Amino acid sequence: MLDPDTRPSAAKEIVHQGKGCLAVLLAIAVLVGGGWFVYSQGKSLMSNFGEEPDYTGAGKASITVTVPNGATLDEIGGVLLKDDVIKSTQAWDSAVASEERATSIQPGRYIMRTQMPAIDALRLLINPGESRVRAQFTIPEGLRLSKQVDALVKGTKIKRSAFEKALDNPKSIGLPSYAKGNPEGFLFPDTYELTADATATSTLKQMVDEYKSVADDIDLQAAAKKLDRSPYEVLIVASIIEREVNQDQYRAKVAQVLYNRLDQGIPLGLDSTVIYAENLNTNTTTPKDRASKSKYNTYLRKGLPPGPISAPGKAALEAAANPEPGKWLYFTTVNFDTGETKFAETDAEFQQIVKEFQAYCQSNPGRCDS
């Protein structure tokens, strides 16, 4: 028992009790702080080792990916990450770990999509029939449909009969409604890559889809409305431009000449449409050619021909959709070697540039013979 004289004062007792409470509070704080630390670190670990960053959905833009010869799975993952096909190497590693066929990836070029789930990207690579590029072919601008088919047969090794059968079923290749079932002009000229499972139908559809994409890029339908034309009429004009001139600087002027003549009811008078009608392999026409009874003979018939005469590229489509303002009614290419083309507003001016063309032809008969 403490001596009464040695008992702590009331003030000291309060301080003593306060220290005890402080110790308890500190202990609680340590427990709470430690718990939060464990939770936050655990959450971080979960994000690193659990739900790794990965894309969702079907992917975005089409992209061709090259898998180098002898590449390891880690190196392939690096290629996919660089091309934004996958979101992270963690997602790729998880996909590889879950797919026993991962080591069967072969070197080559694959058509994939950006921002794909890693497992979908992996499965595309291990199923070559679905994604591996089998062939590459180029269709140049300005070919008529029959010549495009010739190029397709050569470039894809798919039989002509298969292409002809697909063309006989225009719905299967996705032609726009204003095509009226006519594929002429809608197989967009470009360089294409085919996968191992490509068919005549899928190849033609790929080309039509590219036409639609370009038409959307230049807002073809809105431009046609502004010109008080149908999209099909603008395409026909573009197909003529593609055959008449090969220099970008002249395309929009030629478009204006054609629209001016149409508006004034003047026959277009184009060799290119007669060449199409008679299936000629020349640059010019003869009086006999120009007497053709074809609806494509724009010397004898007013207005546009009933359909496109070639497959125009983007530059010709843009020119047809955006003609250069002017009063020209005539144009003539005066030099087939350089593509130089001259324009005139009156017949007198036109006759002068015709003389230039005739002089060129006298000096270069092989370039002008019909």
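Predicted model, so just to flag it, every value in this text is computed and none were measured.

Colleague: Whenever I open this one, the pattern of salt bridges confuses me. Can you help?
Modeller: Once their charged atoms are close, side chains differing in charge can pair, the charge on each being opposite to the other. Tallied over the entire structure, the rule returns 10 salt bridges. As a salt-bridge pair, R123 and E99 come within 3.7 Å of each other at their nearest N and O atoms. With R123 in helix α4 (residues 118-125) and E99 in the loop between α3 (89-98) and β2 (108-113), this residue pair connects regions lying 24 residues apart in the sequence. Accessibility expressed as a relative area gives 39% for R123, which makes it partly exposed. The salt bridge partner of D263 is R229, with a shortest N-O separation of 2.6 Å. Here the residue D263 occupies a position in helix α11 (residues 248-263), and R229 occupies one in the loop between α9 (220-226) and α10 (231-244), the gap between them amounting to 34 residues. Note on D263: relative accessible area 59%, which makes it exposed. A relative accessible area of 18% means that R229 is categorised as buried.

Colleague: Explain the confidence of the model for the protein here, please?
Modeller: On average, residues of the protein score 87 in pLDDT, and 85% of them reach the 70 mark or higher. Considering only residues more than four positions removed or in separate chains, one finds that residues 1-50, a stretch of pLDDT under 50, has five contacts.

Colleague: Is there a simple way to explain the nonpolar core in this structure?
Modeller: Across soluble globular proteins, you tend to see nonpolar side chains buried next to one another. Ranked by internal contacts, the top residues of the largest apolar core, which has 60 residues, are F186, L204, Y211, L220, I241, L258 and L317. Secondary-structure elements contributing two or more residues to this core are α6 (145-156), α7 (160-167), β4 (191-195), α8 (200-217), α9, α10, α11 and α13 (314-321). When neighbours within four sequence positions are excluded, Y211 is seen to be in contact with P176, Y178, G185, F186, F188, L220, L235 and L317. Counting residues in each nonpolar core, the second largest holds 22 residues, with I63, Y110, M112 and M116 among its members.

Colleague: Looking at this structure, how should I read the side chain of S294?
Modeller: In this fold, S294 is placed in the loop between α12 (271-278) and α13. Only 3.0 Å separates the side chain of S294 from the backbone nitrogen of Y296, close enough to count as a polar contact. Filtering out sequence-adjacent residues up to four positions away, S294 remains in contact with A277 and R301.

What counts, and where the lines are drawn
- Residues numbered from 1 in each chain as written.
- Predicted model: local features only at pLDDT ≥ 70, side-chain atom pairs only at ≥ 80, totals over all residues.
- Heavy atoms only, no water.
- Salt bridge = Lys/Arg side-chain N within 4 Å of Asp/Glu carboxyl O.
- Helix = DSSP H or I, 4+ residues; strand = E, 2+ residues; numbered from the N terminus.
- Buried < 20%, exposed > 50% of the residue type's maximum accessible area, 1.4 Å probe, protein only.
- pLDDT = per-residue confidence, 0-100.
- Contact = heavy atoms within 4.5 Å.
- Core = buried A, V, L, I, M, F, W, Y, C linked by side-chain atoms within 4.5 Å.
- Polar contact = N/O pair within 3.5 Å; in protein donor to acceptor, adjacent residues only side chain to side chain.

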